[in-house]
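The lines below spell out each chain.
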Amino acid sequence: MRDTLLATPRINLAELPTPLQYCPRLSAYLDGPRIYVKRDDLTGLGLGGNKVRKLEFVLAEALGQGADTIVSAGVVQSNSLRQIAAATARLGLDFHAAVITDRVPNVDPDYQESGNMLLDALFRMKAYPCSVKEDRVVFMQQLADKLRQQGKKPYIIPYGVSNVLGALGYVNCVLELVMQMQSHACSFDAIVHASGSSGTQAGLVVGAATLLPAIHILGIDIDAEPERVRRDVVHLSNELATYLRHRPASLDERIEVVAGYAGPGYGIPTPEMVEAVSLFAQLEGLVLDPVYAGKGAAGLIGLVRQGRFTKEDTVLFLHTGGMPALYAYRSAFVRHIAALSPECDI
Ligand SMILES: Cc1ncc(COP(=O)(O)O)c(C=O)c1O
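Residues numbered from 1 in each chain as written. Predicted model: local features only at pLDDT ≥ 70, side-chain atom pairs only at ≥ 80, totals over all residues. Heavy atoms only, no water.

J.: What's the story with the side chain of Glu56 in this structure? I'm lost.
T.: Within the secondary structure layout, Glu56 lies in helix H3 (residues 51-64). Every residue in contact with Glu56, bar those within four places of it in the chain, is listed here: Pro9, Arg10, Ile11, Asn12, Leu13, Ala14 and Leu16. (Helix = DSSP H or I, 4+ residues; strand = E, 2+ residues; numbered from the N terminus. Contact = heavy atoms within 4.5 Å.)

J.: I would appreciate a short explanation of the UniProt feature "active site" (unreviewed entry) in the protein in the present structure.
T.: The positions UniProt marks with the feature "active site" (unreviewed entry) are Ser78. Structurally, Ser78 is set in the loop between strand S3 (69-75) and helix H4 (79-91). At a separation of 3.1 Å, a polar atom in the side chain of Ser78 contacts the main-chain amide nitrogen of Ser80. (UniProt positions renumbered as here; feature names shortened; annotations may be inferred. Polar contact = N/O pair within 3.5 Å; in protein donor to acceptor, adjacent residues only side chain to side chain.)

J.: I keep staring at the packing of aromatic side chains and nothing clicks. Help me out?
T.: Where two aromatic rings form a pair, the distance of their centres and the angle of their planes describe that pair. Under the criterion given, the structure shown has five aromatic pairs. Both rings, one in Tyr111 and one in Tyr329, keep their centres 5.8 Å apart while their planes meet at 85°; by these two values the pair is edge-to-face. With a gap of 218 residues between them, Tyr111 in the loop between strand S4 (94-100) and helix H5 (116-122) and Tyr329 in the loop between strand S10 (314-319) and helix H12 (330-340) connect regions that are remote in the sequence. What makes Tyr329 buried here is its relative accessible area of 5%. Three or more aromatic residues joined by ring pairs make a cluster, and in this case those are Tyr22, Tyr36 and Phe188. Here Arg53 stacks its cationic end above the ring of Tyr170, 5.6 Å away from the centre of that ring. (Phe/Tyr/Trp six-rings, centres within 6.5 Å; stacked < 30°, edge-to-face > 60°. Buried < 20%, exposed > 50% of the residue type's maximum accessible area, 1.4 Å probe, protein only. Lys NZ or Arg CZ within 6 Å of the ring centre and 35° of its normal.)

J.: How should the nonpolar core be read in this particular structure?
T.: When a protein is soluble and globular, its nonpolar side chains tend to lie buried together. Membership of the largest hydrophobic core comes to 117 residues, with the highest contact counts inside it found for Leu59 and Phe280. Among the elements that make up this core, the one with the highest residue count is helix H7 (residues 164-183) (11 residues). When residues of this core are assigned to domains, at least three map to each of domain 1 (2-49 + 162-340) and domain 2 (51-160). Contact partners of Phe280, with chain neighbours within four places excluded, come to Leu26, Val37, Gly285, Leu286, Leu288, Ala297, Leu300, Ile301 and Phe317. (Core = buried A, V, L, I, M, F, W, Y, C linked by side-chain atoms within 4.5 Å. Domains from an automatic or database assignment.)

J.: Which parts of the structure should I look at to understand the UniProt feature "domain: Tryptophan synthase beta chain-like PALP" (unreviewed entry) in the protein?
T.: As annotated by UniProt and renumbered to match this structure, "domain: Tryptophan synthase beta chain-like PALP" (unreviewed entry) occupies residues 12-321. A helix fraction of 43% and a strand fraction of 17% characterise residues 12-321, whose end C-alpha atoms lie 19 Å from each other.

J.: Explain the sheet that holds strand S1 (residues 20-22) to me, please; I cannot follow it from the model alone.
T.: Consider a sheet: its strands pair through backbone hydrogen bonds, and that pairing is either parallel or antiparallel. Taken in spatial order, the six strands of this open sheet run S1-S2-S10-S7-S8-S9, and their pairing is mixed. The sheet terminates laterally at S1 and strand S9 (256-258), the two strands that pair on one side only. Between one strand axis and the next, the sheet turns by 30° as a mean value, whatever way the strands run. As defined by bridge partners, S1 adjoins strand S2 (residues 34-39) across three bridges and the pair is classed as antiparallel. Pairing of Leu20 across the sheet is with Lys38, part of S2. (Pairing = 2+ DSSP bridges. Axes fitted to C-alpha atoms, helices over the stretch in contact; angles between N-to-C directions.)

J.: Is there a simple way to think about the environment of Gly49 in this case?
T.: Examined against the element boundaries, Gly49 turns out to sit in the loop between S2 and H3. Residues within four places of Gly49 in sequence aside, it is in contact with Asp40, Asp41, Thr43, Gln83, Thr320 and Gly321.

J.: In this structure, what is going on with the packing of H3 against H4? I would like to understand it.
T.: Between two packed helices, the angle of one axis relative to the other and the distance separating the axes together describe the packing. It is the contact of H3 with H4, at a shortest axis distance of 10 Å, that shows an interaxial angle of 50°. Put simply, H3 runs oblique to H4. The chirality of how H3 crosses H4 is right-handed. Across from Lys51, Val52, Leu55, Leu59 and Leu63 in H3, the residues of H4 making contact are Asn79, Ser80, Gln83, Ile84, Ala87 and Leu91. Its residues assigned to classes, the contact of H3 with H4 shows seven nonpolar, three polar and one charged. (Parallel < 35°, antiparallel > 145°, perpendicular 65-115°, else oblique. Left-handed = near helix turned anticlockwise from the far one by under 90°. Nonpolar A, V, L, I, M, F, W, Y, C, P; charged D, E, K, R; others polar.)

Shown next, in the form of structure tokens:
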């Protein structure tokens, strides 16, 4: 597995290794397992996040094929688009994106222009509005065809940068973790993280099944589609195992996607997410986002309260980034912040 990973072309985009941090105040507050955070919000490029690791492999392939233009798709506040936009800016590639405009209902006014959207514009992403009702794969192909007719050499990055090459970024993360566990003299019983388009979880599951088989990976569904997420993780994990020419035992049975923390739908705030974002901020000075890491952390807190982990356990929360989207969700936090400081009128 390691040989195939190392033989796969890769460019350097991320600041690695990302820090591994113990959270004593959060652990004490929850009165459960020891909690560590792996800071993949600090991968660096374009304010960081989990896509930067994936893009190291995916954009290496694009460059290898002579691409001068990248095409992808994401929602208005997509962290994926923001990280691709930053990477293409750094590499001097053009970036054209299908922006899915109507996936999240009842959004703040800031949702359309602040947070990731502001950064996308600064990185010079060219945005093409696309309805959630349209087939985004067809939309991207048609966009790529038009660019080809204009003499460009486009390369399509799938939604969420989730394909075999993207998932390799998280096999690589497991390799990094093996070394960090040695240097920090710690080990983990479980890794908990937000799971959506499946690439992060597939890479973690295949990597951990091979290198750290005692660690259980728990993906928290943030899409309100747990069966779909699990199906996608199973599919991509199997593709990844084939690519790596290494099939860990009981691969499918190791894949767990936890339901119940997405609320009514993708991108819709929940009270559990607001609590999680607030606790991480107040107890550890850590910033989560409302769509992914915030709901992932709500899942972690919920599992601790349900007794899924004991006080003897050590759990790693993978912070996958997404912080810019916080600025697009001010109203979700207004009542909470007002309750904390009644004199402060925001
Ligand atoms: C901040 C953040 N966390 C987690 C995820 C989920 O990762 P994946 O799509 O690989 O399942 C995403 C995906 O966009 C994300 O932006």
